[in-house]
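Here is how the chains run, residue by residue.
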Amino acid sequence: MRITSKGQVTIPQAIREEAGLHPNCEVQFRLVDGQVVLEKATGQAEQRGEEALRRLRAHRPRPGLSTEAILALCRGEV
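Residues numbered from 1 in each chain as written. Predicted model: local features only at pLDDT ≥ 70, side-chain atom pairs only at ≥ 80, totals over all residues. Heavy atoms only, no water.

Colleague: Break down the overall build of the protein chain for me, citing the residues and quoting the values.
Modeller: When you go through the protein chain residue by residue, the secondary structure sums to three helices and two strands. Along the protein chain, helices and strands appear, N-terminal first, in the series α-β-β-α-α. The burial tally for the protein chain puts 8% of its 78 residues in the buried class. Expressed as a percentage of contacts within the protein chain between residues at least 6 apart in sequence, the contacts between residues at least 24 apart total 2%. When the accessible surface of the protein chain is summed, it comes to about 7,000 Å², and 52% of that surface belongs to carbon and sulfur atoms. (Helix = DSSP H or I, 4+ residues; strand = E, 2+ residues; numbered from the N terminus. Buried < 20%, exposed > 50% of the residue type's maximum accessible area, 1.4 Å probe, protein only. Contact = heavy atoms within 4.5 Å. Areas by Shrake-Rupley, 256 points an atom, 1.4 Å probe, with all protein chains shown as cover.)

Put into C-alpha coordinates, the structure is as follows:
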(Lines give C-alpha, C1' and ligand atoms only; values in the text may rest on other atoms or scores of the structure.)
Protein backbone atom coordinates (compact mmCIF):
# COMPACT_ATOMS: atom_id res chain seq x y z
CA MET A 1 0.00 0.00 0.00
CA ARG A 2 1.34 3.45 -0.89
CA ILE A 3 0.92 6.84 0.68
CA THR A 4 -0.04 9.52 -1.87
CA SER A 5 1.83 12.79 -2.26
CA LYS A 6 -0.93 14.34 -0.13
CA GLY A 7 -0.28 11.86 2.70
CA GLN A 8 -3.42 9.85 2.00
CA VAL A 9 -3.85 6.09 2.25
CA THR A 10 -6.86 3.85 1.68
CA ILE A 11 -7.90 1.77 4.68
CA PRO A 12 -9.12 -1.62 3.42
CA GLN A 13 -12.88 -2.12 3.73
CA ALA A 14 -12.61 -5.19 5.98
CA ILE A 15 -10.48 -3.23 8.47
CA ARG A 16 -12.83 -0.21 8.35
CA GLU A 17 -15.80 -2.47 9.07
CA GLU A 18 -14.03 -4.32 11.88
CA ALA A 19 -12.92 -1.05 13.51
CA GLY A 20 -16.31 0.65 13.01
CA LEU A 21 -14.85 3.39 10.80
CA HIS A 22 -17.54 5.00 8.67
CA PRO A 23 -17.47 7.96 6.25
CA ASN A 24 -16.89 11.27 8.09
CA CYS A 25 -15.81 9.37 11.20
CA GLU A 26 -13.14 11.15 13.26
CA VAL A 27 -9.87 9.25 13.75
CA GLN A 28 -6.61 9.97 15.50
CA PHE A 29 -3.04 8.81 14.98
CA ARG A 30 -0.54 7.96 17.73
CA LEU A 31 3.04 6.73 17.76
CA VAL A 32 3.51 3.70 20.03
CA ASP A 33 7.00 2.21 20.24
CA GLY A 34 7.83 3.50 16.77
CA GLN A 35 4.61 2.20 15.20
CA VAL A 36 1.74 4.32 13.90
CA VAL A 37 -1.60 3.48 15.52
CA LEU A 38 -4.88 4.64 13.97
CA GLU A 39 -7.85 4.82 16.34
CA LYS A 40 -11.43 5.89 16.10
CA ALA A 41 -11.67 9.18 17.97
CA THR A 42 -14.25 9.27 20.71
CA GLY A 43 -16.31 12.40 21.18
CA GLN A 44 -13.96 14.87 19.48
CA ALA A 45 -16.50 15.96 16.87
CA GLU A 46 -19.02 16.56 19.65
CA GLN A 47 -16.42 18.49 21.66
CA ARG A 48 -15.67 20.77 18.69
CA GLY A 49 -19.38 21.44 18.19
CA GLU A 50 -19.89 22.12 21.88
CA GLU A 51 -16.92 24.48 21.87
CA ALA A 52 -18.36 26.44 18.92
CA LEU A 53 -21.72 26.72 20.68
CA ARG A 54 -20.02 27.86 23.89
CA ARG A 55 -18.21 30.63 22.00
CA LEU A 56 -21.44 31.74 20.32
CA ARG A 57 -23.38 31.73 23.57
CA ALA A 58 -20.68 33.79 25.28
CA HIS A 59 -21.53 36.73 23.03
CA ARG A 60 -24.83 38.53 23.34
CA PRO A 61 -26.72 38.79 20.07
CA ARG A 62 -26.16 42.16 18.45
CA PRO A 63 -28.42 43.70 15.84
CA GLY A 64 -26.90 43.75 12.38
CA LEU A 65 -24.37 40.96 12.99
CA SER A 66 -23.15 39.90 9.55
CA THR A 67 -22.71 36.32 8.41
CA GLU A 68 -18.93 36.84 8.35
CA ALA A 69 -19.02 38.09 11.96
CA ILE A 70 -21.04 35.05 13.04
CA LEU A 71 -18.60 32.70 11.26
CA ALA A 72 -15.66 34.48 12.91
CA LEU A 73 -17.31 33.82 16.29
CA CYS A 74 -17.72 30.13 15.38
CA ARG A 75 -14.05 29.89 14.43
CA GLY A 76 -12.97 31.61 17.65
CA GLU A 77 -11.43 34.55 15.80
CA VAL A 78 -13.22 37.13 17.95
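Colleague: So, the environment of Leu21: which residues are in play, and what are the values?
Modeller: Residue placement: Leu21 occurs in the loop between α1 (13-19) and β1 (27-32). Counting along the chain gives 19 residues from Leu21 to Lys40, while the straight-line C-alpha distance between them is 6.8 Å. Beyond its immediate stretch of four places on either side in the chain, Leu21 contacts Ile11, Arg16, Val27, Leu38 and Lys40.

Colleague: Would you mind going over the pairing of β1 in detail, with residue names and values included?
Modeller: Pairing analysis gives six bridges linking β1 to strand β2 (residues 35-40), with the strands arranged antiparallel. For Phe29, the partnering residue across the bridge sits in β2 and is Leu38. Turn length for the β1-β2 hairpin, with the two strands adjacent in sequence and antiparallel, is two residues, and the turn residue Asp33 shows positive phi of about 50°. (Pairing = 2+ DSSP bridges.)

Purely geometric stuff here, so don't read any function into it on its own.
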